[in-house]
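# Report on the structure
The chain contents come next:
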Amino acid sequence: MIASLAPRAFSVFERNVFVYRRQWLIIVTGFFEPLFFLLGIGYGVGGVIGTIPYGGVEVPYAAFVAPALLASAAMNGAIFDSTFNIFYKLKYGKVYDAILSTPVGVGDLAVGELLWSNLRGVIYATAFLVVMLAFGLVQSPLALLAPLAVVFIGFSFGAAGFAITTHMRSWKDFDFLFIVLTPLFLFSATFYPVEIYPGALRWIVELSPLTRGTHLVRSLCFGDLNLFMLVDIAYLSAISFIGYRHAVRRLGVLLLK
Amino acid sequence: MGMTNSASEPTALIRAQGLTKVFGARSAVDGIDFEVRDGEFFGFLGPNGAGKTTTMRMIAGVSPRTSGTLEIFGQDPDLHGSEIRGQIGVVHQQETLDMELTVRENLLIFGRFFGMERAAIATRADELLELFQLSDRAKDQVEPLSGGMKRRLSIARSLIASPRILMLDEPTTGLDPQARHLLWDALQRLKRGGTTIVLTTHYMDEAEQLCDRLVVMDQAKIVAEGSPRQLIVEHASREVLELRFPNGTESIDVKVLEGIGDRYERLAERVIIGCENGEAAHARALEHGLDPESWLVRRSSLEDVFLRLTGRTLDE
Amino acid sequence: MTAASSVAPNRTRSRLAAIREAAPHPTRWRHVVAYMISVYRREWQGSVFSGFIEPLVVLAGLGIGLGVLVGDKAAEITGGVSYVAYIAPALMASSAMNLATSEAAWPILARVAWVRIYHAMVATPLNAADVMVGAIAFIVGKVAFAAAFFAGVLLVTGIATSPTGALGMLGISVLTAFAFGAPMAAFSVTQKSDQGFAFLFRLIITPLGFFSGTYFPIENLPFAAQVLSWCTPLAHGVALSRSLALGTPVTYVWFHVGALLLWGIAGSIAAIYLFRKRMLK
Ligand SMILES: Nc1ncnc2c1ncn2[C@@H]1O[C@H](COP(=O)(O)OP(=O)(O)O)[C@@H](O)[C@H]1O
Ligand SMILES: [Mg+2]
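Computed from a prediction, not measured in an experiment: that's the story for all the values here. (Residues numbered from 1 in each chain as written. Chains lettered and ligands numbered in written order. Predicted model: local features only at pLDDT ≥ 70, side-chain atom pairs only at ≥ 80, totals over all residues. Heavy atoms only, no water.)

Bringing the overall build of chain B into the picture now. The helix and strand inventory of chain B stands at 11 helices and 13 strands. In terms of overall dimensions, chain B has C-alpha extents of about 75 × 45 × 40 Å along its principal axes. Relative to its 316 residues, chain B shows a buried fraction of 53%. For chain B, restricting intrachain contacts to residue pairs at least 6 apart in sequence, the fraction spanning at least 24 positions comes to 67%. Total accessible area on chain B is roughly 14,000 Å²; 46% of this is exposed by carbon and sulfur atoms. Computed over 37 positive and 49 negative side-chain charges, the inter-centroid distance for chain B is 3 Å. (Helix = DSSP H or I, 4+ residues; strand = E, 2+ residues; numbered from the N terminus. Buried < 20%, exposed > 50% of the residue type's maximum accessible area, 1.4 Å probe, protein only. Contact = heavy atoms within 4.5 Å. Areas by Shrake-Rupley, 256 points an atom, 1.4 Å probe, with all protein chains shown as cover. Lys, Arg positive; Asp, Glu negative; His and termini not counted. Charge placed at Lys NZ, Arg CZ, Asp CG, Glu CD.)

What follows is the structure, given as structure tokens:
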């Protein structure tokens, strides 16, 4: 479908398929991280915690954490691709110069790369959903929509990561990326309900894109359709759009001198 | 396409008027006019920094021009870059091969960038690998290929969509003489096949050998235009006498130099004298009391044209 | 007969000489450490987060937050202290593992395969063993700094109550860094690209962080996983660090310490051997 709608962007996506056909094992390893978190925190610490209240009922802790891990898997899949890999291509490979000498333009380039980084997110999310099903952590058939919902997460983090990467000067700058990502992962209503945070702190946490993504996925997994999911989608879409626009503008500055 | 020329005149595929590119305060290309006609081999000859690469980038629509007009196939590359690039093949000065892909994959994915069908690409890719003698390396990574092979692959890649114009930015810089001649042969074959070729170079022998027409660029401007023969006839004398003075040429009297030939250029350790007859000029030099360490006589080349027009040599 | 008996001591002597040639010099490795420090001075900003701040972020993120959820149930695993206080000393040990392994991964690979500064070093009076000892010593030293900072924060915030306990934890972190840094260095010097690291970190280092008793007792794991866990260094580091922090007695102290030393020493010997092999190629 995308192939016929935006063939040029899709060809950039295809380039990554070529590259990763030989490196698929690397992609596979990325799947284990959320699994270890589920086993270690969800079941390990969850064994001590037991159940927690969610949406007015007591739910097993592992079932509460799992949707958040699914959402962060999508985030990680997208952001590592759109930062490390794109930085490498911008800085060292001359691939983009070659691509831009064909009918492909910077807009196609950005969309193609984002499609790819999103695919990684969707793959991790889908694989993790299968794990959740196997462990009986899925509370509603709506959970099957989760791999679709993570597309919003993937695009927002992919586009934001892409935009930030266009400003990076060296690998050292990536340490600053982790200064943002680690707290984002730990504090975004991932491991405990957002209500735990006192006062203003809570509203800061609510603004985290991962909190929104987690809320979206968690609502689906518990079959709890609510209007705030529309807020989540709008918020993540806005970040995607702004990130994409900025990335394209910066690509123009960097590559079309 | 907006090609409105009368049938008698060869069609211009590229036309530039007052083309200018400014980076910050410095002009990289300063108001140049040129035309590239259908089927010809056209060259930009000039030293490093003359503005050749910048001109090529503007033609490919990856560098917006500062002012002037530029039309490729009658269209403005800043507005129709994508359509234009669909019909041109570009070989960059620096290697831009995809190091994460194999030789053949480099061709396959490029075909996709041009929107070709997979089956058509596969056929064309094998054809090009054969043509550029890369078939036995098809499955190899790009990194370990020799410089000459990489350059051949770059050219093969640029031809995947059978472009009307092939643009090559200093294609033989850094190649050994043998690889260079192999490449020249390949380019001449392509030209005979009907492809219009635009090439930049700072080698005068390359320009002389390959180009039907060329412009000489220096410091962002075009200083001369014509066929290699025309340029030599117009701007250089028939023969050249070179006199070598290892201890420097400053002390030589201007009057003496003026008396030897039609014109002269004084370089650090050489004096180059343009004349009708080199042997005779050498005799005159000795009569005037010059005592060069060595001397030689040769036919004029584009190098002399450049020297005459700018007072400098091409590789300076 | 006489000829043979005169050869034998010679052979022993030359074998001894060969060992001395390959062994680390008692002091020369310090030049390597000095070099590393000079490099680090120039680019320390980047690693401040991974070394110093990240462990605190994890402690706050998982310790405080999960602590609220664990609540009163904490007592059944912590023996009375808060959940934060329970995981803090363990996080100190697992941070030592994280920092030591990543310092022994990319930086060493870069010097051995990309910038090849080690090739230049072994062309001086330094031998391969000096270089490896210096590299491992630097890593352990760096971890000691980060661990001291972490211990300081624990004391200031009152999570750690006894300064001697904190000092002991520092020692355990250093041992843990040795137990991980040395084998990791041995792995790195054999690598050609950094692809192997992705597997190692994602499939070994990350799960160790979860299943070595950091967040919940090892006894809650299935038996086979328990055995596996005790075979790796982190479980021992966590057990020692926690008992020092909480002032609870540990049985088999020397078993734990011995396990850490065994990993470190075996790793160092492997690193020296493999590095020498690569350099002399
Ligand atoms: N992106 C750029 N930013 C600033 N100056 C540039 C840029 N690209 C080229 N230039 C300058 O423009 C001039 C012409 O460069 P270029 O077109 O690369 O010359 P050539 O290809 O003939 O060697 C040079 O002085 C060069 O320094
Ligand atoms: Mg150039």
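Now for the overall build of chain C. Within chain C one finds 13 helices and 0 strands. Starting at the N terminus, the α and β elements of chain C follow one another as α-α-α-α-α-α-α-α-α-α-α-α-α. With the C-alpha coordinates aligned to their principal axes, the bounding extent of chain C is approximately 80 × 50 × 35 Å. Evaluated residue by residue, chain C yields a buried proportion of 49% over its 281 residues. Considering only intrachain contacts with a sequence separation of at least 6, the fraction spanning at least 24 residues in chain C is 77%. For chain C, the accessible surface area stands at approximately 13,200 Å², while carbon and sulfur atoms represent 69% of it.

A cluster of nonpolar residues, Trp24(A), Leu25(A) and Val28(A), forms a patch on the protein surface that exposes about 290 Å² of accessible area. Tracing the backbone through its elements, the reader meets Leu25(A) in helix H3 (residues 24-30). (Patch = residues over 30% accessible without salt bridge, like charges linked within 9 Å, V, L, I, M, F, W, Y side chains within 5 Å. Salt bridge = Lys/Arg side-chain N within 4 Å of Asp/Glu carboxyl O.)

All right, on to the domain arrangement of chain B then. Accessible area lost when the parts come together is the quantity often used to give the size of an interface. Once the domains are mapped, chain B shows domain 1 (12-227) and domain 2 (237-299). Taken over C-alpha atoms, the centre of domain 1 of chain B sits 39 Å from the centre of domain 2 of chain B. (Domains from an automatic or database assignment.)

Turning next to the sheet that holds strand S12 (residues 270-275) of chain B. Pairing between the strands of a sheet is mediated by backbone hydrogen bonds and can be parallel or antiparallel. Residue and element names in this part refer to chain B. Reading across the sheet, the 4 strands line up as S11-S12-S10-S13 and stay open at both edges, with antiparallel pairing between neighbours. Only two strands of the sheet have a single neighbouring strand rather than two, namely strand S11 (263-266) and strand S13 (294-299). Across the sheet, the axes of successive neighbouring strands diverge by a mean angle of 15 degrees, strand direction being ignored. Where S11 lies against S12, 4 bridges are found, and the strand directions are antiparallel. Within S12, the position partnered with Tyr-264 by the bridge is Ile-273. Each of strand S10 (239-244), S12 and S13 touches helix H10 (residues 278-287); the most contacted strand, S10, lies at about 35 degrees to it. Its contacts with the sheet place helix H11 (residues 302-310) against S10, S11, S12 and S13, and it is angled at close to 80 degrees to S11. (Pairing = 2+ DSSP bridges. Axes fitted to C-alpha atoms, helices over the stretch in contact; angles between N-to-C directions.)

Residue and element names in this part refer to chain B. Distances from the magnesium ion (ligand 2) to its protein donors, namely Thr-53 (OG1) and Gln-93 (OE1), fall within the range 2.0 to 2.2 Å. With Thr-53 in helix H1 (residues 52-59) and Gln-93 in the loop between strand S5 (88-91) and helix H3 (103-113), the pair connects residues that are 40 residues apart, well separated along the chain. Taking relative accessible area as the criterion, Thr-53 reaches 29% and is therefore assigned partly exposed. Relative accessible area serves as the criterion here: at 32%, Gln-93 is assigned to the partly exposed category. (Donors = N, O, S within 2.8 Å, 3.2 Å for Na, K, Ca; no water.)

Most of H3(B) is tucked away: 10 of the 11 residues are buried. Within H3(B) the residues assigned to the buried category are Val103(B), Glu105(B), Asn106(B), Leu107(B), Leu108(B), Ile109(B), Phe110(B), Gly111(B), Arg112(B) and Phe113(B). Packed against the buried residues of H3(B) are helix H2 (7-20) and helix H6 (95-100) of chain A together with helix H4 (118-131) and helix H5 (147-158) of chain B. One or two residues past the end of H3(B) sits Gly115(B), with phi positive at roughly 75 degrees.

All told, the structure shown has 36 salt bridges over all chains when counted by the stated rule. For Arg137(B), the salt bridge goes to Asp140(B), with nearest N and O atoms at 2.7 Å. When its relative accessible area of 22% is taken as the criterion, Arg137(B) is described as partly exposed. One network of salt bridges, with partners in common, ties together Arg202(A), Glu206(A), Arg212(A) and Asp232(A).

Close contacts around ligand 1 come from Lys257(A), Phe23(B), Arg26(B), Ala28(B), Pro47(B), Asn48(B), Gly49(B), Ala50(B), Gly51(B), Lys52(B), Thr53(B) and Thr54(B), and that covers them all. Lying at an intersection of chains, ligand 1 is approached by residues of chains A and B. With the chains in place, 68% of the 560 Å² that ligand 1 exposes on its own is no longer accessible. Every element with two or more residues in the shell around ligand 1 is listed here: strand S2 (26-37) and H1 of chain B. Per element, the largest residue contribution to the shell around ligand 1 is 3 residues, and it comes from H1(B). Of the residues contributing to the shell around ligand 1, the split by class is 4 nonpolar, 5 polar and 3 charged. (Near = heavy atom within 4 Å. Nonpolar A, V, L, I, M, F, W, Y, C, P; charged D, E, K, R; others polar.)

Ranked by size, the top nonpolar core spans 193 residues in total, and within it Ile41(A), Tyr61(A), Phe191(A), Ile14(B), Phe34(B), Leu66(C) and Tyr215(C) carry the most contacts. Considering each element in turn, this core owes the most residues, 15 residues, to helix H5 (residues 61-91) of chain A. The residues contacting Ile14(B), other than those within four sequence positions of it, are Phe34(B), Glu35(B), Val36(B), Ile59(B), Leu70(B), Glu71(B), Ile72(B), Ile165(B) and Val198(B). The next biggest cluster of nonpolar side chains, apart from the first, holds 47 residues, and it includes Ile108(C), Ala177(C), Met184(C) and Leu200(C). (Core = buried A, V, L, I, M, F, W, Y, C linked by side-chain atoms within 4.5 Å.)

Across the boundary between the two partners, chain B contributes 28 residues, which contact 26 residues of chain A. Between chain B and chain A, the buried area comes to about 2,300 Å², and carbon and sulfur atoms account for 56% of it. For chain B, the biggest contributors to the area lost against chain A are Arg85(B), Glu100(B) and Phe113(B); these three give 27% of the whole. Counting every contact that joins chain B to chain A gives 6 salt bridges. For Glu100(B), the salt bridge is made with Arg15(A), and the minimal N-O distance between the two is 3.0 Å. At the junction of chain B with chain A, the criterion picks out 13 residue pairs in polar contact (both at pLDDT 80 or more). (Buried area = accessible area lost by both parts, 1.4 Å probe. Polar contact = N/O pair within 3.5 Å; in protein donor to acceptor, adjacent residues only side chain to side chain.)

Residue and element names in this part refer to chain C. Relative orientation of the contacting elements helix H8 (residues 128-156) and helix H9 (residues 163-188) amounts to 150 degrees, with a least axis distance of 8 Å. As H8 packs across H9, the resulting crossing turns out to be right-handed. Residues Met-132, Ile-136, Val-140, Val-143, Ala-144, Ala-147, Ala-148, Ala-151, Leu-154 and Leu-155 of H8 form the contact with H9, whose participating residues are Pro-163, Ala-166, Met-169, Leu-170, Ser-173, Val-174, Ala-177, Phe-178, Ala-182 and Ala-185. The residue makeup of the contact of H8 with H9, split by class, is 19 nonpolar, 1 polar and no charged. (Left-handed = near helix turned anticlockwise from the far one by under 90°.)

What follows is about the packing of helix H5 (residues 83-103) of chain C against helix H10 (residues 195-210) of chain C. Residue and element names in this part refer to chain C. Interaxial distance between H5 and H10 falls to 10 Å at its minimum, and their mutual angle equals 160 degrees. Classified by the angle between their axes, H5 and H10 sit roughly antiparallel to one another. Handedness of the crossing formed by H5 with H10: right-handed. Residues Met-97, Asn-98, Thr-101 and Ser-102 of H5 form the contact with H10, whose own contacting residues are Phe-201, Ile-205, Leu-208 and Gly-209. (Parallel < 35°, antiparallel > 145°, perpendicular 65-115°, else oblique.)

Contacts are most numerous between chains A and C, taken over all 2 pairs of chains that touch. For chain B and chain C, which are not in contact, the least C-alpha distance works out to 14 Å.

Turning next to unusual backbone geometry. Glycine aside, a negative phi is what most residues show, and trans is what most peptide bonds show. You will see that Ala189(A), though not glycine, has its phi angle at about 55 degrees, which is positive. The topology assignment puts Ala189(A) in the loop between helix H9 (174-187) and helix H10 (199-207). Owing to a relative accessible area of 5%, Ala189(A) belongs among the buried residues under this scheme. Look at Gln133(B): it is not a glycine, yet its phi comes out positive at around 50 degrees. Looking at the element boundaries, Gln133(B) is found in the loop between H4 and H5. By relative accessible area, Gln133(B) is classed as partly exposed at 47%.

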